[in-house]
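# Observations on chain architecture
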Amino acid sequence: MRYSMIINLHDCVGCGCCDIACAQENQVPAGVHLGYHQSEMSGTFPKVSYTYRPVMCNHCANAACVKACPTAAMHKDANGLTVVDVAACTQCGRCAKACPYGAITPAPAETAAGQIGAVPQLLQGTSSGADLQKAAKKDYPPHDNALDAYSLPITAVGGPLKCQMCRHLVDNGDVPRCVEACPANARIFGDMDDIYSDVYKLRQEYEASVLLPDEGTLPGVYYIREFKKTW
Amino acid sequence: MSVQVTRRSFLKASALGLGAAALAGSTPFVPLAAADESHQKNLAGKWTASSCQGCTSFCPVKVWTQDGRVVRVKGNPNCTATHGQMCPKTSLAIDQLYDPDRIKVPMKRTNPQKGRGIDPGFVPITWDEALDTIATKWLELHDNNESHKVVFMKGRASETGDILSHFLPALMGTPNYFGHSTICAEEEKFASWAVNGLFSYRDYDLSHCKYLLLWSSDPIASNRQQPNAINRWGQVMDDAHIVVIDPRFSATAAKADLWVPIIPGTDGALAVAIAHEILAAGKWSREFVGGFKDGPWNLDESGYYDKKVNLFKKGEEVDEERFEYRNASGLVRWWNLELKDKDAAWAEPICGIAAADIKKIATDFAKYGQNACSWVSPGTTNQVRGVYGAMAAEALNGLVGSFEHEGGAQHPASVSVGPFPDHRPYRDKLAKTFEKKPQCDGRHTKEFLASKDGGIDNQVLTNRIADVILSEDPYEIKMLITKYCNFAYSAMGCQRWEQAMAKVPFYVCITMNPSESAQFADIVLPPKHHMFENWGYVKNYQDMVTYVSIEQPVIDPVWPDTKTDETEMAWCIAEKLAEKGFDKVYKYFSTAFVDPETGNQPTDEKSFSEIVTKIRTAPCWNGANASKGQGDDLGSWRNFCSKGVFNSNAAKFKKDWGKFGTKTGTYEFYSETLKAVLEKEAWSYTTTVDDLMETYNYQARGGLAFVPHYEEPVRHGDPEEYPFIFTQNRSRLNREGRSANLPLYQEFKDVDPGDVPWDDVLKINPQDMEKLGLKDGDTIKVSSVQGSNTVHAKGWEGTRPGVVMKTYGQGHWAFGHVAAADYAQATPRGGNNNELIPADYDHLSGQSAFHGGLTRVKIEKVGE
């Protein structure tokens, strides 16, 4: 079994739905992105081109982060995902350094949750972050799903924050949040070892590329239908 | 070894007053959930239907809640029009709901001084005190025969909005209740109406389109119908040729076959030249328009006019009698009055687009003919002299016969909703008197036709109200109520609104956040969030299907002291007025509104809110619309709430051919429809249409006033002093100027091509950057005749030299601690475009112009 993702760059319109859904689902600290994008403007007026590529952890088959981890906290699950066992993690930071994609961020000292809780009241009649949590009858951020250590982005300072492919959803037979949120259906998730899966079929149908193939990491995120306006 | 605590206990600590920073400083950790918590049990939740009003697309959505908290949103899969999709604006609504800077209780002002940067000294008050203050002031004016000196203004509203913003003020005896529509896109509707009779946005059949000509439309990024466009875009790119006409390299231009970087405000010249080239090449649609009579009718093998006969030759007038029309009219007059000399070569220096490119567009557009679509948007229409250019762009659909054809622009499918109960029996003498009085906004003057859907003086002049307040002409405005609008930020020349709002003796502001306008309010009332907390409904169309979509309380309100603005607040104000002796409004609300399901009358604001929604949507769920063949048979209110959406049957192609809503019933290239209205207005002022045109600042004289044509753009500012043309666009993350306080808006601001996270950049062509000695990130002062912004410079190849552009959405000096750089000091994050753009109007539609390069600017480096 090899959970993979196909991203169709022809269909992707660069709207940011996946970025936003990911940030909301995982409640990552400000400035940390598990799902993000690379965009580039090229050419000279008026012959210009703009490319937009969603990026994330590539869930590599030959993952540099897994090899770098001294405690096997960063490991490959049986389903092919690259995930972290936070209990075993010593926050040594080697995984983040090893990842050629920059897809792992050492957890900063403040979480988004902490930031929301600490927002001071603007004026009488509005609320502080703490008031808001209380009003939502929760001691964690009101719009936080009930994530836990299994689903990650919860780790000790310096521990790895990375995309876990929303395994709390995937385990239940749902798709990752970025896939559900994509209005262009440009993200397709499934088991690349299953010849009846959409990801397998699309990879057969189109020329698929991966990021930094020379690194030998064998990414599980594939891009099809590269889009670049040519003049 | 790091310390591990659960996130829950960490947050409990911070809620008790231990700030995150203090904690993090002493013990270096971030919270870690307890290992024994099962992730499986935490997944329980449910999806509930509602609607997004982040823009006018009004998309049906589903909201996932867990333990009474909103966690996720997605498009409503039951909606065929949106294909069950959403756009990023919808996602941001969650953060809007849980914005700590949301106003949670009514507030009153304690500092009588009003102005930007002056602390209003807001203090929380009870609803009773707020309502009492409002009712007392209102009745004071009412009893003093000054009820017309109350102005009510609404911004974004659902289809239940008239309760608060129409019936309440009308029964209170003021004619001065106004919408925001002419700072929106009424000119677009006007141009459409003038040629095809539809005073509305058009729908589009993207599925069958083969050539998509987008006039400043950016549908994969901003209103209109983004979920449909985003979902279909890959297929459209495969099946159709996409051309984007826009001064800015937009998100859609980035995914098009051709970007046509037109000089702002010259769209009309380009459209006219395309029309000329299509006619000169003999490529118009014979089936839709008709053809030349070559002696008697001369049919070719397809059954239509002989395509070889073409008398449209450059520079030559054509005899009207030689042409036989089918579903259209006035083509020959259009040619003779405007088109005959205006070919691609004529347009080239005006638009800055090569003649060869214009010819190619014309050739290809005509080649795909009835499957070619000209999609006209506010960038092309919302200009001081924008109507006629927009008519020309719109008329291209008629020229190739694609209007209401497969792949073309469409009249939407119609869906009925239930009427509001008649309020007229509840009018007192004052209400009856004042409803006949002219509104104060200046529409009843010679300066404005202010025409909506064929009427005269029936369109609101939204942006003029500030001037009315300041000048006290025609009379002093003594009380202002605004609902879900923020004209001190969102109206062009918004500085005038600051002054006006400071001047009004009593101002009630209904707003979710402490907006710019709220800073001037005497009473601030907190609404519920439309998508998650209240009853209401919306209606719109995308992809040939019209839908009615529910808004319902998905969760209990986060703040118990918030009320649904449109219905609950109206009820409470009416109740308080009744308590003080004026019971007309309360009687109307409490007796005329009857639950169509149970026969019950409302007993409180909550039941009123639901009953209003039920009355209005009843035909969608009680089988009435289904039996008329309009669409879904939902069976019951309960099922409507569960599914969330009523889908119409798909609009039929050619359904209005031969019976358009124009004066002649035909597609009018010479607008008899517009002519009738203009001549009526000229008659009432005993003058000529030419004189009106001069009054309106249009250049057309004679017959030109009735045909699509090019008008030179109006630009404020001397080119010597202000060398750059300024143009703007909407952010794809803008929930209409209400989302800049959300950290995710700032964090992902660069999904607008060329923009920078947490920043506001003026995009300047690199050649101009070099001339100005600027580099990326330099702080600059951008000034116009209206005002100035301090923002950052960004070199950008997506604009031509001489034209600079900035996305609208930043520049809040209030609204919250994220939107403003410093709320307490009223320091904006970036600059507000509306402080650069002066208030100027299209006098036909009453539209406040904000496109077409209305203002010129100068750029100065700051800090040297």
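Keep in mind the model is a prediction, meaning the values are calculated, not measured.

## Structural notes on the overall build of chain B
- Along the backbone of chain B there are 27 helices and 31 strands.
- Taken over the C-alpha trace, chain B has a radius of gyration of 28 Å; the compact-globule value for 864 residues is 29 Å, and the two agree within 12%.
- Expressed as lengths along the three principal axes of its C-alpha atoms, the size of chain B is roughly 90 × 70 × 60 Å.
- Within chain B, buried positions represent 68% of all 864 residues.

## Looking at the confidence of the model for chain B
Residue and element names in this part refer to chain B.
- Of the residues in chain B, 93% have a pLDDT of 70 or more, and the chain-wide mean is 93.
- Below pLDDT 50 for its whole length, residues 1–41 participates in 79 contacts with residues either more than four positions away or in separate chains.
- Interface predicted TM-score (ipTM) for the complex: 0.96; the corresponding pTM is 0.95.

## Brief notes about the packing of helix α9 (residues 267–280) of chain B against helix α10 (residues 331–339) of chain B
Residue and element names in this part refer to chain B.
- In contact at an axis separation of 11 Å, α9 and α10 are set at 120° when each is read in the N-to-C sense. Relative to α10, α9 is oriented oblique. With respect to the hand of their crossing, α9 and α10 are arranged in left-handed fashion. Between α9 and α10, the contacting residues are Val272, Ala275, His276 and Leu279 on the first element and Leu331, Trp334, Trp335, Glu338 and Leu339 on the second.

## Focus: the side chain of Ser845 of chain B
Residue and element names in this part refer to chain B.
- Note that Ser845 resides in the loop between β30 (827–828) and β31 (855–861).
- Within polar-contact distance, the side chain of Ser845 engages the side chain of Asp842 at 2.4 Å.
- One polar contact links the side chain of Ser845 to the main-chain amide nitrogen of Gln847, over a distance of 3.2 Å.
- Among all residues touching Ser845, those that are not within four sequence positions of it are Thr182, Glu186, Glu187, Phe190, Ala450, Ser451 and Gln459.

## Comments concerning the environment of Asp822 of chain B
- Secondary-structure assignment places Asp822 of chain B in strand β29 (residues 820–822).
- The exposure class of Asp822 of chain B is partly exposed, given its relative accessible area of 32%.

## Thoughts on α9 of chain B
All names here are of chain B.
- With 14 residues, α9 ought to run about 20 Å at 1.5 Å a step, and its terminal C-alpha atoms sit 20 Å apart, in line with that.
- Of all 14 residues in α9, 13 are buried, a share of seventy percent or more.
- Just beyond α9, the residue with positive phi is Gly282, at close to 70°.

Calculation criteria
Residues numbered from 1 in each chain as written. Chains lettered and ligands numbered in written order. Predicted model: local features only at pLDDT ≥ 70, side-chain atom pairs only at ≥ 80, totals over all residues. Heavy atoms only, no water. Helix = DSSP H or I, 4+ residues; strand = E, 2+ residues; numbered from the N terminus. Rg over C-alpha atoms; globule rule 2.2 N^0.38 Å. Buried < 20%, exposed > 50% of the residue type's maximum accessible area, 1.4 Å probe, protein only. pLDDT = per-residue confidence, 0-100. Contact = heavy atoms within 4.5 Å. Axes fitted to C-alpha atoms, helices over the stretch in contact; angles between N-to-C directions. Parallel < 35°, antiparallel > 145°, perpendicular 65-115°, else oblique. Left-handed = near helix turned anticlockwise from the far one by under 90°. Polar contact = N/O pair within 3.5 Å; in protein donor to acceptor, adjacent residues only side chain to side chain. Expected span 1.5 Å × (residues − 1).

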